[in-house]
Amino acid sequence: MADIPSMWRTELWHPMFVHFPLAILSLAAVLSVVYLFVRNRNFAPYLRFSLSLLLWCGVVLFWVTFYTGQLAYSIVVRTICDPTVLKDHLFWAYVSGISFSIAAVLDGLFKFSSKFKNWFNYGSILLMVVGTFCIGYVGHLGGKVVYQQGGGVYQPSENCGEFD
Amino acid sequence: MFNLNVRKMKNPMLTLAALLIALVTFQACDGGGSSSSTEMENTDIVESGTYTGTADRVDADEKEIYVKTNDGKMLELYFTDQTQLTQNGQQASFDALKQGQKVEVQLEKKGQRLEPITVKILE
């Protein structure tokens, strides 16, 4: 009888991490859009600080997640029926990561530079919004890999005997 | 309500920035970074059968080869536990595969995935 596989398999580190940067970076993008319309001078710096903190934490977590994704890729690509979806998932994840990383750098420049502040500000916000659309598509492709092709998913035996 | 001192938070922000730069550098310089760029390349899907070509790239860590077939197609092949690799009629280990070698591969197309059944090193 087959054993129930461990929940600490290499390919499962990715789903353990992936939801954090998705949520954090999306929230950062939403706050960045809100920030555009905030006119209250007392409130705006705190909003900016919050979105910056979310952005930087999200970007760090993103690249950790990207690394776990590469580990999972090597395993899952050998078992799924259409690896082209996984390739697209990897490509758009890379695009999202670059987009948010540049946004983070521009955000840093916005804070510490005295020139071109508007350019850094709007550039950072634009990239966060673009990155959010990309990351949404990445999530959709990741969902296709798991829910259509069973990537990384254990298929129990027909009589579920291993769970007795 | 808003008595948070933003200046005091500069150090954690700088720490995060340093961590980010380190991570991006790691991704860019590490072997994982270069392998992810090759993984993103578009490769060709062919029907089940036997193909002859050249080992364009060999990735020992991933047990993966890219084969450029004689008709110009690029095949990305991940070895499985069932894949048999031979050289001069004998079983060979993956280390025997080198970039530029002529190979003959017998493939099975499963969905959009190409599974190498046998790989013969021809030279």
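Refer to the preceding data block for the structure.
Residues numbered from 1 in each chain as written. Chains lettered and ligands numbered in written order. Predicted model: local features only at pLDDT ≥ 70, side-chain atom pairs only at ≥ 80, totals over all residues.

(A) Fine view of the packing of helix α1 (residues 13-37) of chain A against helix α4 (residues 117-148) of chain A. All names here are of chain A. Two elements in contact, α1 and α4, have axes separated by 9 Å at closest approach and are oriented at 145°. The chirality of how α1 crosses α4 is left-handed. Touching Leu-22, Leu-25, Ser-26, Ala-28, Ala-29, Ser-32, Val-33 and Leu-36 of α1 are Ile-125, Met-128, Val-129, Gly-131, Thr-132, Ile-135 and Gly-139, all from α4. Grouping the amino acids of the contact of α1 with α4 by side-chain chemistry returns ten nonpolar, five polar and no charged. (Axes fitted to C-alpha atoms, helices over the stretch in contact; angles between N-to-C directions. Helix = DSSP H or I, 4+ residues; strand = E, 2+ residues; numbered from the N terminus. Left-handed = near helix turned anticlockwise from the far one by under 90°. Contact = placed C-beta atoms within 7 Å. Nonpolar A, V, L, I, M, F, W, Y, C, P; charged D, E, K, R; others polar.)

(B) Layout of α4 of chain A. All names here are of chain A. Under the 1.5 Å per step criterion, the end-to-end length of α4 is 45 Å for 32 residues, consistent within 8% with the ideal 46 Å. Considering only its buried residues, α4 is in contact with α1, α2 (44-76) and α3 (83-112). Directly after α4, the chain includes Gly-150, whose backbone phi takes a positive value near 70°. (Expected span 1.5 Å × (residues − 1).)

(C) A look at the sheet that holds strand β2 (residues 64-69) of chain B. Residue and element names in this part refer to chain B. Read from one edge to the other, the open sheet built from seven strands follows the order β3-β2-β1-β6-β7-β4-β5, with strand pairing classed as mixed. Every interior strand has two partners, whereas the edge strands, β3 (74-78) and β5 (90-91), have only one. Here strand β4 (residues 84-87) pairs with β5 via two bridges, running antiparallel. By the bridge assignment, Gln-87 is partnered in β5 with Gln-90. (Pairing = 2+ DSSP bridges.)

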